[in-house]
Amino acid sequence: MAGNGNENADGDFSFSAAAARDALPRITTEKGAKSADVCHDDTAPRVNFQTIDELHSLQKKRSAPTTPLKEGGGVVMGTSGPTTPSSGETMLQSVSASLASLTRETGPKLIRGDPTSAAKVAHVPHTPTSVPAADVSDSGLKFTHILHNLSPAELYEQAIKYEKGSFVTSTGALATLSGAKTGRSPKDKRVVKDETTASELWWGKGSPNIEMDEQTFLVNRERAVDYLNSLDKVFVNDQYLNWDPENRIKVRIVSARAYHSLFMHNMCIRPTPEELENFGTPDFTIYNAGKFPCNRYTHYMTSSTSVDINLGRREMVILGTQYAGEMKKGLFGVMHYLMPKRKILSLHSGCNMGKEGDVALFFGLSGTGKTTLSTDHNRYLIGDDEHCWSDAGVSNIEGGCYAKCIDLSREKEPDIWNAIKFGTVLENVVFDEHTREVDYNDKSVTENTRAAYPIEYIPNSKIPCVGPHPKNVILLACDAFGVLPPISKLDLAQTMYHFISGYTALVAGTEEGVKEPRATFSACFGAAFIMLHPTKYAAMLAEKMQAQGATGWLVNTGWSGGSYGAGSRIKLAYTRKIIDAIHSGSLLNATYHKTEIFGLEIPNEVEGVPSEILEPMNAWEDKEAYKDTLLKLAGLFRNNFETFTSHKIGDDGKLTEEILAAGPNF
Ligand SMILES: Nc1ncnc2c1ncn2[C@@H]1O[C@H](COP(=O)(O)OP(=O)(O)OP(=O)(O)O)[C@@H](O)[C@H]1O
Ligand SMILES: O=C([O-])CC(=O)C(=O)O
Ligand SMILES: [Ca+2]
Ligand SMILES: [Mn+2]
């Protein structure tokens, strides 16, 4: 009967007599079953390992270029004999030379690979020399491990294991903290003034180049190098800048953090394994000592942070800041020096291209919309921030994008939202401690939250990131005064006037309550990065725009209907419609009327944009307040331009006159 354990209809099992005495039933298998068939679910073939260590050694397959040794065996390399060094050896020698102490004239002893890894590692061949005991230092005796061009996955592991504040977010990005500094430190930037740069660069009032001498640079360089050599391990990135193959620059970044290495991996152009094998000597080297400060007793130092550029030595030193943007923008400064020497214009601009090959440039100061508006689902992204314009067309300097994340939404910026995934560095964002979902509205750490991702994370990026000559040059200004029209067409002189002015007005504070907008004028929409006098870049831009017949536009991505506090920021959807109309060419054929004071040409209609916002005065309720604010802004423009009135722009005296006349008239 059911339940008494004696069912045996199929002969599958039967209870032994013990069942009757309440013991556990003994299971008997099917008649005739051989012992080898007992376990039907474990029929895997023989294993290839005898020990746990062997099992672990099987997990990782060797790959070039990130694993320690190319030629198997894993023997520690001895002193270099008559045989030619392997590429791994060459790399170590090259890095050791980069990290050489200038006072001791020796490079550190280097080992490739993580210090904690059990994997066999190779070290740089070191010629044994007998040195006086007094010259021997502890750092000279130790080995520094070099983590050379690690992959994003390896860098994630390094960051999570060793760098506090590193987490994987719910979408797979690496959340990091940049420490005390969450933005650049322009007041701490120094540029070496030597015989050459004294005459070539822009110095003095308004210039971003604060001088330092060669000797002081070497003091800071030694400080950074000694710090890096004192560590167990340093990260080394060998990468490229500029997608134009004829004007590509090789850069090496030596840093103390996996965060910095992954950031630059994303932001610079990534070499192929073959290119890395044959990388050779870099054209420019960054020593990023991160949190290690400069010595404030050092000449020219006014804080514990110092970002030093030496164009002669082709080196940059970073002390006392971990904000990764310093590296990206430091290299941009270098390009602003090197490229004009080759008659190539360097630009703080975004750049994209339509299906018909029409290229647009987007100039603008930080936060005005270069990244947001160049990332356009209907167009190919060439780059979001740094470009070159040569006789051949445009090329992106970088291999990645650096998007502002504050208030980021999937609806408004889907491509940027989707780019925040595995491999992306997310700086200073706040996330849920359990779900790891990021709250992009949270400004607890900083308002300047950022995502750095490789450009190919944007689905319609154009690889290689080059394009033909621009057709449209769009100047973005986030006008928190709310008086500039959302869109106006510029003639060449006006384009130059606004390019040299480089105006934007962001909101002064992030605290509660209404704050006065603060006007910022930054020549060439990037005074912090230019090296030569602004008129040099302006002359090149004028010449190129003229030669190519490019049209200039001024787009206000800021306020409408009143200043910050009374009006509101122009809807991103409207700005996108305006940009669409520029790209399509429909705005070129529109009818226009001219504004008072600034003399800007405003279109009477733009498809998809309410006409009442096109003329700024119409959107203001208080017309008197509008006029006062407009005059106030015009005055700010005029004051700012005074420093440029004594400069000639290019060889064309007539253009200079026209540019001076292209400013506000009142
Ligand atoms: N009408 C608008 N047009 C453009 N951007 C807008 C508009 N309204 C709001 N925004 C927001 O303004 C910000 C523009 O930032 P974006 O990253 O594009 O600046 P950026 O010019 O690339 O600056 P940076 O050089 O510092 O990278 C984004 O957060 C975007 O969502
Ligand atoms: O450099 C930065 O921190 C961000 C940036 O792109 C800019 O300011 O133009
Ligand atoms: Ca940007
Ligand atoms: Mn920028």
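Residues numbered from 1 in each chain as written. Chains lettered and ligands numbered in written order. Predicted model: local features only at pLDDT ≥ 70, side-chain atom pairs only at ≥ 80, totals over all residues. Heavy atoms only, no water.

### What about the pairing of strand 2 (residues 143-148)?
Which entries qualify depends on this criterion: Each residue gets one of three labels from its accessible area relative to the maximum for its type: buried under 20%, exposed over 50%, partly exposed in between, using a 1.4 Å probe on protein chains only. The secondary structure listing takes helices from DSSP runs of H or I that are at least 4 residues long and strands from runs of E that are at least 2 residues long, numbered from the N terminus. DSSP-based pairing: two strands are paired if at least 2 bridges between them are found.
Across the six residues that make up strand 2, a large majority, five, are buried. Where strand 1 (residues 109-112) and strand 2 come together, four bridges link them in parallel fashion. Its bridge partner lying in strand 2, Lys109 is registered against Phe143. As paired elements, strand 2 and strand 7 (residues 233-241) share four bridges and run parallel to each other. Among the inter-strand pairings, Leu147 is bridged to a residue of strand 7, identified as Phe235.

### So, the packing of aromatic side chains
Operational definition: Here a pair means two rings of Phe, Tyr or Trp (six-membered ring of Trp) with centres within 6.5 Å. Their orientation is stacked below 30 degrees between planes, edge-to-face above 60, and tilted elsewhere. Over a ring means this: the NZ of a Lys or the CZ of an Arg is within 6 Å of the ring centre and within 35 degrees of the ring normal.
The final tally for this structure, using the stated rule, is 20 aromatic pairs. Ring centres 6.4 Å apart and planes at 55 degrees place the aromatic pair Phe499 and Phe525 in the tilted group. With Phe499 in helix 12 (residues 492-501) and Phe525 in the loop between strand 27 (517-521) and helix 13 (534-548), this pair connects stretches of sequence that are 26 residues apart. Side by side, Phe499 and Phe525 carry an identical accessibility label, which is buried. One aromatic cluster in this structure is built from Tyr497, Tyr503, Phe521, Phe598, Phe637, Phe641 and Phe644. In this structure, Arg450 packs its charged tip against the face of Tyr402, placed 4.8 Å from the ring centre.

### A few points about the site of ligand 1
As a reminder of what qualifies: We call a residue near a molecule or strand as soon as one heavy atom of that residue lies within 4 Å of the molecule or strand. Under this definition, polar contacts are N or O atom pairs within 3.5 Å; protein pairs additionally need one hydrogen-donor-capable and one acceptor-capable atom, and for neighbouring residues in sequence, both atoms have to be side-chain atoms. Surface exposure here means Shrake-Rupley accessible area, sampled with a 1.4 Å probe, where a residue is shielded only by the protein chains that are shown. Under the convention adopted here, Pro, Cys and the residues Ala, Val, Leu, Ile, Met, Phe, Trp and Tyr are nonpolar, Asp, Glu, Lys and Arg are charged, and Gly plus all remaining residues are polar.
In the neighbourhood of ligand 1, 21 residues make up the surrounding shell, with Ser366, Lys370, Thr371, Glu413 and Arg450 lying closest. Here Gly369 contributes a backbone N or O atom positioned 3.1 Å from an oxygen atom of ligand 1. Contacts to ligand 1 include Thr372, whose side-chain N or O atom sits 2.8 Å from an oxygen atom. When ligand 1 is considered free in solution it has 650 Å² of accessible area, and contact with the protein chains removes 90% of it. Broken down by secondary-structure element, the contributors of at least two residues to the shell around ligand 1 are helix 10 (370-374), strand 18 (400-404) and helix 14 (572-584). Residue contributions to the shell around ligand 1 peak at three residues, all from helix 10. Here the shell around ligand 1 is composed, by residue class, of five nonpolar, nine polar and seven charged.

### Describing the coordination of the calcium ion (ligand 3)
The condition that has to hold: Atoms of type N, O and S within 2.8 Å of a metal are treated as its donors, and for Na, K and Ca the window is 3.2 Å; water is not considered, so some sites may appear to be missing partners.
Protein-derived ligands of the calcium ion (ligand 3) are Thr371 (OG1) and Tyr402 (O), with the metal-ligand distances lying across 2.1 to 3.1 Å. Separating the calcium ion (ligand 3) from the manganese ion (ligand 4) is a gap of 4.8 Å. Here the residue Thr371 occupies a position in helix 10, and Tyr402 occupies one in strand 18, the gap between them amounting to 31 residues. Residue Tyr402 is classed as buried on the basis of its relative accessible area of 5%.

### Digging into the sheet that holds strand 12 (residues 345-347)
The strands making up a sheet associate through hydrogen bonds between their backbones, and the pairing can be parallel or antiparallel. Defined as follows: Here, two residues are considered to be in contact whenever any of their heavy atoms come within 4.5 Å of each other. Note on geometry: axes are lines fitted to C-alpha atoms, helical ones only across the stretch in contact, with angles between N-to-C directions running from 0 to 180 degrees.
Spatially, four strands are ordered 12-16-17-23 in an open sheet, and the strand pairing comes out antiparallel. Each having just a single partner strand, strand 12 and strand 23 (466-467) make up the two edges of the open sheet. Judged from the two bridges that link them, strand 17 (residues 393-396) and strand 23 form a sheet pairing that is antiparallel. Counterpart to Ser395 in the pairing with strand 23 is Val466. Here helix 9 (residues 325-341) sits on the sheet and contacts strand 12 and strand 16 (387-390); the angle it forms with strand 12, its principal contact strand, is near 160 degrees.

### Brief notes about the coordination of the manganese ion (ligand 4)
The protein atoms that coordinate the manganese ion (ligand 4) are Lys329 (NZ), His348 (NE2), Asp385 (OD) and Asp385 (OD), at distances spanning 2.2 to 2.8 Å. Read N to C, the donor residues that coordinate the manganese ion (ligand 4) are spaced as K-x18-H-x36-D.

### Considering the packing of helix 12 against helix 16 (residues 623-641)
Cut-off, in case you're wondering: For classification purposes, angles smaller than 35 degrees are called roughly parallel, those larger than 145 roughly antiparallel, those between 65 and 115 roughly perpendicular, and all remaining angles oblique.
Running from N to C, helix 12 and helix 16 cross one another at 80 degrees; their axes reach a closest spacing of 10 Å. Here helix 12 is positioned roughly perpendicular relative to helix 16, judged by the angle of their axes. Facing Tyr497, His498, Ile500 and Ser501 of helix 12, the residues of helix 16 in contact are Phe637, Arg638, Asn640 and Phe641. Partitioning the contact of helix 12 with helix 16 into residue classes produces four nonpolar, three polar and one charged.

### Quick word on the sheet that holds strand 19 (residues 425-427)
The five strands are arranged 3-4-19-22-18 in an open sheet whose pairing can be described as mixed. On the outer flanks of this sheet lie strand 3 (167-168) and strand 18, each paired with one strand and no other. With two bridges connecting them, strand 3 and strand 4 (residues 174-176) associate as antiparallel partners. Bridging across to strand 4, Phe167 finds its partner in Ala175. Where helix 7 (residues 258-267) meets the sheet, it contacts strand 4, strand 18, strand 19 and strand 22 (450-454), and its direction lies at approximately 120 degrees from that of strand 19.

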